[in-house]
Amino acid sequence: MELLFVVLGGAILGLAVRYLLPGRDQHGAALIPAVATLVAAVVWVAATWAGMAWDGGWIWVLAFGASVVVSVAVDLVLVRVRTSSDEAMLTRLQQGVAA
């Protein structure tokens, strides 16, 4: 049952990351929340396998913290890569039209 709450919390945090960071027009609406959800679930399961108690506070902090950190990193990198890729393609297209 706790895994359900962790997945839901990861999805909510992913939505928050999506709408708090700029550049959300560079990726799909569900990508960052999906990444955050996946990370929260994987970290939770890994922490329970490592022996952390599900009713302890640190497992929640670890799962949600990792979820936010990874989703922010993915968002920032993805926006930077896609923006530079779009600019490079626009330059190539403009050179092709001018030639």
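Below: a short report on this structure. (Residues numbered from 1 in each chain as written. Predicted model: local features only at pLDDT ≥ 70, side-chain atom pairs only at ≥ 80, totals over all residues. Heavy atoms only, no water.)

### Section: the packing of aromatic side chains
1) Next: Per the stated rule, a full pass over the model turns up 2 aromatic pairs.
2) Next: Relative to Phe64, the ring of Trp60 lies with its centre 5.8 Å away and its plane at 50°, an arrangement referred to as tilted. Here Trp60 and its partner Phe64 are both found in helix α3 (residues 57-98), 4 residues apart, which amounts to about one turn of the helix.
3) Next: Classification of Trp60 as partly exposed rests on a relative accessible area of 24%.
4) Next: Classification of Phe64 as partly exposed rests on a relative accessible area of 24%.
5) Next: Joined through ring pairs, the aromatic side chains of Trp44, Trp60 and Phe64 make up one cluster. (Phe/Tyr/Trp six-rings, centres within 6.5 Å; stacked < 30°, edge-to-face > 60°. Helix = DSSP H or I, 4+ residues; strand = E, 2+ residues; numbered from the N terminus. Buried < 20%, exposed > 50% of the residue type's maximum accessible area, 1.4 Å probe, protein only.)

### Observations concerning the nonpolar core
1) Next: Counting residues in hydrophobic clusters, the biggest one holds 9 residues: Val6, Val35, Val39, Ala40, Val43, Trp44, Ala47, Ile59 and Ala63.
2) Next: Those elements giving two or more residues to this core turn out to be α2 (31-49) and α3. (Core = buried A, V, L, I, M, F, W, Y, C linked by side-chain atoms within 4.5 Å.)

### Structural notes on the packing of helix α1 (residues 2-20) against α2
1) Next: Axis separation between α1 and α2 bottoms out at 7 Å; the angle between their running directions is 145°. Note on packing geometry: the crossing formed by α1 with α2 is right-handed. Residue-level inspection shows Glu2, Leu3, Val6, Val7, Gly10, Ala11, Gly14, Leu15, Val17 and Arg18 of α1 in contact with α2, the latter providing Ile32, Pro33, Ala36, Thr37, Ala40, Ala41, Trp44 and Val45.
2) Next: Split by residue class, the contact of α1 with α2 holds 13 nonpolar, 3 polar and 2 charged. (Axes fitted to C-alpha atoms, helices over the stretch in contact; angles between N-to-C directions. Left-handed = near helix turned anticlockwise from the far one by under 90°. Contact = heavy atoms within 4.5 Å. Nonpolar A, V, L, I, M, F, W, Y, C, P; charged D, E, K, R; others polar.)

### Some remarks on α1
1) Next: In this model α1 runs 27 Å from its N-terminal to its C-terminal C-alpha over 19 residues, within 8% of the 27 Å that 1.5 Å per residue would give.
2) Next: Listed in full, the buried residues belonging to α1 are Val6, Gly9, Gly10, Gly14, Val17 and Arg18. (Expected span 1.5 Å × (residues − 1).)

### Quick notes on the side chain of Thr37
1) Next: Positionally, Thr37 belongs in helix α2.
2) Next: Here the side chain of Thr37 touches Ala11 through a polar contact of 3.3 Å, landing on its backbone nitrogen.
3) Next: If we ignore the near neighbours within four places in the chain, the residues touching Thr37 are Val7, Gly10 and Ala11. (Polar contact = N/O pair within 3.5 Å; in protein donor to acceptor, adjacent residues only side chain to side chain.)

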